[in-house]
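Chain and residue survey
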Amino acid sequence: MTQTRIVLETKHRPKAEEIMEETGISTLSQLFSILLVCYGDHLVSSMKSPTVQMPIALASSDLPKLQSKPTQTKQFSPLGGI
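Because the structure is a prediction, the values reported are computed rather than measured.

Take the overall build of the protein chain next. Secondary structure summary: the protein chain contains three helices and zero strands in total. Listing each helix as α and each strand as β along the protein chain from the N terminus yields α-α-α. The buried share among the 82 residues of the protein chain stands at 9%. In the structure as shown, the protein chain presents an accessible area of about 7,900 Å², 58% of it carried by carbon and sulfur atoms.

With that settled, consider the nonpolar core. In this structure, Ala 16, Met 20, Ile 25, Leu 31 and Ile 34 together form the largest nonpolar core, which totals five residues. Going through the elements one at a time, α1 (13–23) and α2 (28–48) are the ones with two or more residues in this core.

With that out of the way, let us pick up the confidence of the model for the protein chain. Chain-level statistics for the protein chain give a pLDDT mean of 78 and a share of 61% at 70 or above. Between the elements of the protein chain, mean pLDDT differs from a low of 53, seen in helix α3 (residues 56–59), to a high of 96, seen in α1.

Before going further, it helps to spend a moment on the pattern of salt bridges. Opposite charge on two side chains permits pairing when their charged atoms draw close. Scanning all chains against the criterion turns up two salt bridges. The partner of Glu 9 in a salt bridge is Lys 11, with the nearest N and O atoms 3.7 Å apart. On the basis of relative accessible area, Glu 9 is assigned to the partly exposed category, the value being 46%. The exposure class assigned to Lys 11 is partly exposed, which follows from its relative accessible area of 47%. A salt bridge links Glu 17 to Arg 13; its shortest N-O distance comes to 2.8 Å. Here Arg 13 and Glu 17 lie together in helix α1, a separation of four residues that amounts to about one turn. Taking the relative accessible area as the measure of exposure, Glu 17 reaches 38% and is therefore partly exposed.

Thresholds, definitions, all that
- Residues numbered from 1 in each chain as written.
- Predicted model: local features only at pLDDT ≥ 70, side-chain atom pairs only at ≥ 80, totals over all residues.
- Heavy atoms only, no water.
- Helix = DSSP H or I, 4+ residues; strand = E, 2+ residues; numbered from the N terminus.
- Buried < 20%, exposed > 50% of the residue type's maximum accessible area, 1.4 Å probe, protein only.
- Areas by Shrake-Rupley, 256 points an atom, 1.4 Å probe, with all protein chains shown as cover.
- Core = buried A, V, L, I, M, F, W, Y, C linked by side-chain atoms within 4.5 Å.
- pLDDT = per-residue confidence, 0-100.
- Salt bridge = Lys/Arg side-chain N within 4 Å of Asp/Glu carboxyl O.

Structural data, given as structure tokens:
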């Protein structure tokens, strides 16, 4: 496994820690890997959609928080070996 350094802005760390606490993910590296694998394709396709395209200037600034309807969630079990 190769290593790559990811820099997480300080203001986003509480959200990452909240996700980790809720899901049982134990490290920021695991969190990033799981988000990338599970949601990376969705992110790319949604940003290519003509109705959701985001200007580059907005992409690098603070994004508004999206409100969504609550959905039923499944219990998460962290992946081993990540």
